[in-house]
Amino acid sequence: MLRVSIAKEFDGFALDVTLDAPAGVTAIFGPSGSGKTSVIRAIAGLLACDRAEVSLDGRDLSKLSPHKRGVGYVFQDARLFPHMSVLKNLRYGGVHDEDAVVAVLGLGALLDRFPAALSGGEKQRVALGRALMSAPKVLLLDEPLSALDAPRKAEVLPYLEALRDQTAIPILYVSHDMGEVARLASRIVVLNEGRVVLEGTVEDVLADPAAVPFLGVRDAGAVLTGRVVGHATDGLTKIETGAGALWVPGAVGRAGSTVRVRVPAQDVILSRSAPTDISALNVLPVTIAALERGAGPGVAVALTAGDARLLARVTKRSCDVMGLAVGDQIFAILKATAIAPADVG
Ligand SMILES: Nc1ncnc2c1ncn2[C@@H]1O[C@H](COP(=O)(O)OP(=O)(O)OP(=O)(O)O)[C@@H](O)[C@H]1O
């Protein structure tokens, strides 16, 4: 367990953050300027703080210099040495488990190349490999995909998933991208103006109606875990989730594999009766668990669906016209195309 408690006064900005990160991926999410990079730099020992308590499995790291902390750090840009081959770049990080690192990140065919001959995604994979070669006890990933376009991101994400599944160390993952967070992280810490405003499992935080103002209307939305049932000939995939069966676009996952589906709150429509003559494929019976009126025109509606949770965002007007109240049994309608393939993984 990584335990962090840091405080730092900048000119006009106060950072005061306490968080725990167990083995696995903890996402650090928050708007620009909320303090995400500062937290990562403090853990790495690169930011002198007024209070800097950092411990790993009870061992105090705070007094150690950065290179003695056992921390691997990957930045937004790969920062490879241009005059060194991929193999030399990797070995610059250390010489631990070279074969395993090369295998998990799929670097075998790239070892003799130089950084100028790599795509952005390949460079980030090498940067991850270099961090892993030092046998880190903690991995700090600061927006490692944000400089990549969508196809490159999609190419690197499976490697990050494999890395997550094969390492048993805390990985802190800074990201602006809720799709990435929902796919990779098991825990999330949400920062706002230098403070932790939400913390917990991804399932709990993303299904929490009180989270909507902090995550933003576009990013709020529950995550369902499900099993791929199969792929239909018309290009849809059926996923069995705790909330019921869902059809999502594209050939997603292998039959039998476990996937996560992010259902954006703004893409959920509520109905008192089960609609029949509509094009939407996913109609789930749900119960209203909570209603949270926002400052603007919206209401966040927390729903239980089977043994899962969903979040919907509707207007206050709709909420009042429908007379929605906690305990009501209604239907949630999810348009299959609203579940973007990148959000399923
Ligand atoms: N060395 C510094 N001196 C003064 N202010 C700083 C310094 N480093 C960071 N800050 C301020 O601290 C705040 C948090 O910055 P930080 O880079 O940690 O945020 P962030 O959440 O990572 O942002 P982004 O998503 O844009 O990278 C910002 O207001 C920034 O201007």
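All of these numbers come straight from a predicted model, not from anything done at the bench. (Residues numbered from 1 in each chain as written. Predicted model: local features only at pLDDT ≥ 70, side-chain atom pairs only at ≥ 80, totals over all residues. Heavy atoms only, no water.)

Of regular secondary structure, the chain possesses 9 helices and 19 strands. Its C-alpha atoms put the chain at 65 × 50 × 30 Å along the principal axes. Put simply, the chain has 345 residues, and 50% of those count as buried. Pairs at least 24 residues apart make up 67% of the contacts formed inside the chain by residues separated by at least 6 positions. Put simply, the chain shows about 15,200 Å² of open surface, and 52% of that area lies on carbon and sulfur atoms. In the chain, 36 positive and 37 negative side-chain charges are present, and the distance between their average locations comes to 3 Å. (Helix = DSSP H or I, 4+ residues; strand = E, 2+ residues; numbered from the N terminus. Buried < 20%, exposed > 50% of the residue type's maximum accessible area, 1.4 Å probe, protein only. Contact = heavy atoms within 4.5 Å. Areas by Shrake-Rupley, 256 points an atom, 1.4 Å probe, with all protein chains shown as cover. Lys, Arg positive; Asp, Glu negative; His and termini not counted. Charge placed at Lys NZ, Arg CZ, Asp CG, Glu CD.)

Domain assignment breaks the chain into domain 1 (2-206) and domain 2 (221-343). Put simply, the middle of domain 1 and the middle of domain 2, counted by C-alpha atoms, are 32 Å apart. With 12 residues of domain 1 at the interface, the matching set in domain 2 holds 10 residues. Overall, the association of domain 1 and domain 2 removes approximately 850 Å² of surface from exposure, summing both partners, and the carbon and sulfur fraction of that is 43%. On the domain 1 side of the interface with domain 2, the three residues burying the most area are Ala182, Glu203 and Leu206, jointly 53% of the side's total. (Domains from an automatic or database assignment. Buried area = accessible area lost by both parts, 1.4 Å probe.)

Using the criterion set out here, one finds 16 salt bridges in the structure. In this structure, Arg91 engages Glu98 in a salt bridge whose closest nitrogen and oxygen atoms are separated by 2.8 Å. Exposure remark for Arg91: the relative accessible area of 42% places this residue in the partly exposed category. Each of Arg125, Asp149, Arg152 and Glu155 takes part in one network of salt bridges that share partners. (Salt bridge = Lys/Arg side-chain N within 4 Å of Asp/Glu carboxyl O.)

This paragraph deals with the sheet that holds strand 11 (residues 221-231). What the 4 strands build is an open sheet, ordered 13-12-11-14; its pairing is antiparallel. The open sheet has two edge strands, strand 13 (244-249) and strand 14 (258-264), and neither has a second partner. Averaged over neighbouring strand pairs, the angle between their axes works out to 45° when direction is ignored. Looking at chain direction, strand 11 and strand 14 are connected through 7 bridges and run antiparallel. In the sheet register, Val223 faces strand 14, and the bridge partner there is Arg262. (Pairing = 2+ DSSP bridges. Axes fitted to C-alpha atoms, helices over the stretch in contact; angles between N-to-C directions.)

Let's shift gears to helix 5 (residues 150-166). Across its 17 residues, helix 5 extends 25 Å between first and last C-alpha, which sits within 8% of the 24 Å expected from 1.5 Å per residue. The largest bend in helix 5 amounts to roughly 25° and is located at Val156, with the proline Pro158 lying one to four residues further along. Turning to helix 5, its buried residues number three or more, namely Lys153, Val156, Leu157, Leu160, Glu161 and Leu163. (Expected span 1.5 Å × (residues − 1). Bend = angle between axes of the 7 residues up to and from the residue.)

Looking now at the sheet that holds strand 16 (residues 282-293). By definition, the strands of a sheet pair up through backbone hydrogen bonds, in either a parallel or an antiparallel sense. Strand order in the open sheet made by the 5 strands is 15-19-16-17-18, with antiparallel pairing throughout. Here the strands that pair on one side only, and so sit at the sheet edges, are strand 15 (268-271) and strand 18 (308-315). When strand polarity is set aside, the average angle formed by the axes of neighbouring strands in this sheet is 45°. With 4 bridges connecting them, strand 15 and strand 19 (residues 329-334) associate as antiparallel partners. Bridge pairing in strand 19 links Val268 to Leu334.

This part takes up the packing of helix 2 (residues 86-93) against helix 4 (residues 120-132). Packing of helix 2 against helix 4 brings their axes to within 6 Å, and their N-to-C directions diverge by 35°. In the packing of helix 2 onto helix 4, the handedness of the crossing is right-handed. Counted together, Val86, Asn89, Leu90 and Gly93 of helix 2 and Val126, Gly129 and Arg130 of helix 4 form the full contact between these two elements. Across the contact of helix 2 with helix 4, the residue classes tally to 3 nonpolar, 3 polar and 1 charged. (Left-handed = near helix turned anticlockwise from the far one by under 90°. Nonpolar A, V, L, I, M, F, W, Y, C, P; charged D, E, K, R; others polar.)

Once that is clear, we can look at the packing of helix 4 against helix 5. Running from N to C, helix 4 and helix 5 point in directions that differ by 20°, and their axes come no closer than 9 Å. With respect to helix 5, the axis of helix 4 lies roughly parallel. With respect to the hand of their crossing, helix 4 and helix 5 are arranged in right-handed fashion. Taken together, the residues of helix 5 that come into contact with helix 4 (itself represented by Gly121, Glu122, Arg125, Leu128 and Leu132) are Arg152, Glu155, Val156, Tyr159, Leu160 and Leu163. Of the residues contributing to the contact of helix 4 with helix 5, the split by class is 6 nonpolar, 1 polar and 4 charged. (Parallel < 35°, antiparallel > 145°, perpendicular 65-115°, else oblique.)

In the neighbourhood of the ligand, the contacting residues comprise Phe10, Phe13, Pro31, Ser32, Gly33, Ser34, Gly35, Lys36, Thr37, Ser38, Glu143 and His176. A distance of 2.8 Å is found between an oxygen atom of the ligand and a backbone nitrogen or oxygen belonging to Gly33. Contact distances for the ligand include 3.1 Å between an oxygen atom and a backbone N or O atom of Ser34. Across the complex, the protein chains shield 59% of the 630 Å² of accessible surface that the ligand would expose by itself. (Near = heavy atom within 4 Å. Polar contact = N/O pair within 3.5 Å; in protein donor to acceptor, adjacent residues only side chain to side chain.)

Before going further, it helps to spend a moment on the UniProt feature "domain: ABC transporter" (unreviewed entry) in the chain. Per the UniProt record, "domain: ABC transporter" (unreviewed entry) is annotated on residues 1-218. Across residues 1-218, helical content stands at 32% and strand content at 27%; the span's end C-alpha atoms are separated by 32 Å. (UniProt positions renumbered as here; feature names shortened; annotations may be inferred.)

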